[in-house]
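The primary structure of each chain is shown beneath.
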Amino acid sequence: MKKRHKSEKRATQSERQGHGEQASEGAGKLYVVATPIGNLGDISARALAVLAEVDLVAAEDTRTTGHLLAHHGIGAKLVALHEHNESIRAAELVARMRSGKTIALVSDAGTPGISDPGALLVARAMEAGITVCPIPGANAAIAALSAAGMFAPHFLFYGFLPAKPAARRMALAALRELPYALVLYEAPHRVTECVADLAATLEGVREIVIARELTKLFEAIHRCRLDEAGAWLAADPNRQRGEFVLIVSGAPEQEQRGLPAEAERVLRLLLAQLPLKQSAALAAAITGARKNELYERALALRDAAGEK
Ligand code: SAM
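Residues numbered from 1 in each chain as written. Predicted model: local features only at pLDDT ≥ 70, side-chain atom pairs only at ≥ 80, totals over all residues. Heavy atoms only, no water.

A. Geometry of the pattern of salt bridges. Summed over the entire model, instances satisfying the criterion amount to 17 salt bridges. The salt bridge partner of arginine 168 is aspartate 197, with a shortest N-O separation of 2.9 Å. Placement of the pair is arginine 168 in helix α7 (residues 165-175) and aspartate 197 in helix α8 (residues 191-201), with a sequence separation of 29 residues. Both residues of the pair, arginine 168 and aspartate 197, belong to the buried class. Two residues, glutamate 264 and arginine 268, come together in a salt bridge whose shortest N-O distance is 2.8 Å. Of this pair, glutamate 264 and arginine 268 are both found in helix α10 (residues 261-271), 4 residues apart, which corresponds to roughly one turn of the helix. Glutamate 264 gets classed as buried once you look at its relative accessible area, which sits at 15%. Salt bridges sharing common partners tie together Arg168, Arg169, Glu193 and Asp197. (Salt bridge = Lys/Arg side-chain N within 4 Å of Asp/Glu carboxyl O. Helix = DSSP H or I, 4+ residues; strand = E, 2+ residues; numbered from the N terminus. Buried < 20%, exposed > 50% of the residue type's maximum accessible area, 1.4 Å probe, protein only.)

What follows is the structure in structure tokens.
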């Protein structure tokens, strides 16, 4: 067997310790530990070992994490760190790590810091020269992407859109031209209106993947055209229950774009009553879609109607 050079051996040991060269003498360490997004089995052997070994577990909700730890027979000491106390708690926890304690940061589900608290504690720990070590695992966005069957070499993780309709539409308008699949998180009580806004703002020809309750009993992944998604959701109230990841394909090529579904609907209604030019202008004013695109579409609709 080939003999390993001394410096090579040293590097391996430092890698095993996890960025050993960064740590200051006697300092503790912060582990950022991913936990399951539903199925309790989705946690790595390394995550369980770390949770069992650390001096303290900082959890978004100590009860939720308490259940997870009990399920795996781990009796760790827990402290709460959530969006309302993260700033004060971060300072306390950094002080503890400075005195040599090891801490594991976990959120309620999935990877901390991803649409979850944690980034502030990580930033404070880094500023204090404390080694931060990720323990990767479950994440709803990546799980959904992996099973979406979407040919998306690039994607943009957005997380939660604004809750208020006007702000949501504005955020979507800013994303409209991007050629990347959009990955969104959404709560069940907003999924219908969110999908309606997606269809109204983006092109109906885009593909959407609605990934619900991943890794859980009622896991479901549905793929369809964006302008068909609202009707699909409405057809069964069960389809609106649970936790959601929505993935929408990126902006289509110019020639495949078509109008947003809402603009198409408004244009058709107006065309039934008004002259073509006026319909296009009014539809543009109502929906915010481009007037010349509406005009082109109105011409095409008129031609198609004439052919019948
Ligand atoms: N940190 C988590 C992660 O790594 O995925 C995300 C936390 S964020 C507060 C919670 C949101 O993630 C939910 O509202 C939902 O949009 C999505 N989510 C979490 N678990 C999910 C699951 N099992 N199936 C589908 N979406 C899920």
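B. Representation of the nonpolar core. Within the largest apolar cluster, 21 residues are counted, with the highest numbers of intra-cluster contacts made by Leu161, Val195, Leu198, Ile208, Ile210, Leu226 and Leu246. Sorting the residues of this core by element identifies α7, β7 (181-186), α8, β8 (207-212), α9 (226-234) and β10 (244-248) as the ones contributing at least two each. In terms of residue count, the dominant contributor to this core is α8 (5 residues). Non-local contacts of leucine 161, meaning those with residues more than four positions away in its chain, are made with Arg168, Ala171, Leu172, Leu175, Leu184, Tyr185 and Cys194. The next biggest cluster of nonpolar side chains, apart from the first, holds 18 residues, and it includes Leu93, Ile103, Ala125 and Ile130. (Core = buried A, V, L, I, M, F, W, Y, C linked by side-chain atoms within 4.5 Å. Contact = heavy atoms within 4.5 Å.)

C. Representation of the packing of aromatic side chains. Applying the stated criterion across every chain yields a total of 2 aromatic pairs. Aromatic pair phenylalanine 160 and tyrosine 185: ring centres 5.8 Å apart, planes at 65 degrees, arrangement edge-to-face. Of this pair, phenylalanine 160 sits in strand β6 (residues 155-160) while tyrosine 185 sits in strand β7, and the two are 25 residues apart along the sequence. Here tyrosine 185 falls in the buried class, since its relative accessible area comes to 10%. An aromatic cluster is present here, built from Phe157, Phe160 and Tyr185 joined pairwise through their rings. (Phe/Tyr/Trp six-rings, centres within 6.5 Å; stacked < 30°, edge-to-face > 60°.)

D. Quick peek at the sheet that holds strand β5 (residues 131-135). Reading across the sheet, the 5 strands line up as β3-β2-β4-β1-β5 and stay open at both edges, with parallel pairing between neighbours. Two strands lie at the open edges of the sheet, namely β3 (78-80) and β5, each paired on one side alone. In this sheet, adjacent strand axes meet at a mean angle of 25 degrees when their direction is disregarded. Of the pairings in the sheet, the one linking strand β2 (residues 56-59) to β3 comprises 3 bridges and is parallel in character. Each bridged residue has a counterpart across the sheet, and for valine 57 the counterpart in β3 is leucine 78. (Pairing = 2+ DSSP bridges. Axes fitted to C-alpha atoms, helices over the stretch in contact; angles between N-to-C directions.)

E. Spotlight on the site of the ligand. Taken together, 19 residues form the shell around the ligand, and within it Asp116, Asn139, Ala140, Tyr185 and Phe244 come nearest. Separating a nitrogen atom of the ligand from a backbone N or O atom of leucine 214 is a distance of 2.9 Å. Within the complex, the protein chains bury 91% of what would otherwise be the 570 Å² of accessible surface of the ligand. Taken atom by atom, the bulk of the ligand overlaps the largest pocket. Mapped by element, the contributors of at least two residues to the shell around the ligand are β7 and β10. (Near = heavy atom within 4 Å. Polar contact = N/O pair within 3.5 Å; in protein donor to acceptor, adjacent residues only side chain to side chain. Areas by Shrake-Rupley, 256 points an atom, 1.4 Å probe, with all protein chains shown as cover. 1 Å grid on protein atoms, 1.4 Å probe; cavity = no way out; pocket = protein on both sides within 12 Å on 5 of 7 lines; lining within 4 Å. Sits in = over half its atoms within 2 Å of the grid points.)

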